[in-house]
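Coordinate inspection notes
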Amino acid sequence: FWVFHDVKGGGPFNVDHVVVGRHGLFAVETKGRAKRIRESGGGHRLTLKDGRLEFPGWVETKPLEQARRNAAWLGEWLSSALGEPIRATPVLAIPGWYIERRSRSDVAVINGKSVAGYFTKSGAAELTEKQVAQIRHQLDARCRDVALHA
């Protein structure tokens, strides 16, 4: 896999991480959330249910929406650049939380411990070596926006 960080989007946004390899293309949004200290335990568990992230004491949907938007933009941009359909899988990483999945989601929600295995076992679209090389080239060009000074 190749990983690109802070990929500038087509507007005032960025994709936190883009992962590309033979097992697929992934747009990864990372969110840190503080854990509540609870006497009865369970303050580190979030539930993914019906398109919502249910934390102890609050519910969020915006991180899932952001992951979808970023993946859609990435897929559209690369499809245009390569002249063929390219699909990016949306991934939301929430380090340090135990994730309980109670319903299916089009966004993969992972924690820090499941990152390594997720990308090889995700079932995302396989890419050819040529597609991986073309995607890497586009991402490398987009990420190398720093002017070098002699």
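Heads up: these notes are all about the structure in this document. Residue positions are counted from 1 within each chain, in the order its sequence is given. The predicted origin of the model limits local features to residues at a pLDDT of at least 70 and limits the giving and counting of side-chain atom pairs to 80 or more, whereas totals for whole chains, interfaces and linings rest on all residues. To get the side-chain values, all heavy atoms of the structure are used, and hydrogens and water are removed first.

1. Thoughts on the sheet that holds strand β7 (residues 89-93)
Hydrogen bonds along the backbone pair up the strands of a sheet, which may run parallel or antiparallel. At least two bridges found by DSSP between two strands are what make those strands a pair. The helix and strand labels rest on DSSP assignments: H or I over at least four residues marks a helix, E over at least two residues marks a strand, and numbering proceeds from the N terminus. Pairing is mixed across the open sheet formed by five strands, whose spatial order is β1-β2-β3-β7-β9. Looking at the sheet topology across the chains shown, the edges are occupied by β1 (2-8) and β9 (108-110). Averaged over all pairs of adjacent strands, the angle between their axes in this sheet comes to 30°, without regard to strand direction. The pairing of strand β2 (residues 14-21) with strand β3 (residues 24-30) spans five bridges and is antiparallel. Within β3, the residue paired with G21 across the bridge is G24. Residues are treated as being in contact if the distance between any of their heavy atoms lies within 4.5 Å. Here an axis means a line fitted to C-alpha atoms, over the contact stretch when the element is a helix, while the angle between two N-to-C directions is reported on a 0 to 180 degree scale. Contacts between helix α1 (residues 62-82) and the sheet are confined to β1, β2, β3, β7 and β9, with β3 contributing the most and set at about 145° to the helix. Along the sheet, helix α3 (residues 129-143) makes contact with β1, β2 and β3, crossing β1 at roughly 40°.

2. A closer look at unusual backbone geometry
With a phi close to 55°, D6 is a non-glycine residue in the positive phi region. With respect to the element layout, D6 can be found in strand β1. Here D6 falls in the exposed class, since its relative accessible area comes to 54%. The phi dihedral of D50 falls on the positive side, at around 50°, and the residue is not glycine. Inspection of the secondary structure assignment puts D50 in the loop between β4 (45-49) and β5 (52-55). For each residue, the accessible area found with a 1.4 Å probe, counting protein chains only, is set against the maximum for its type, and the residue is called buried under 20%, exposed over 50%, and partly exposed in between.

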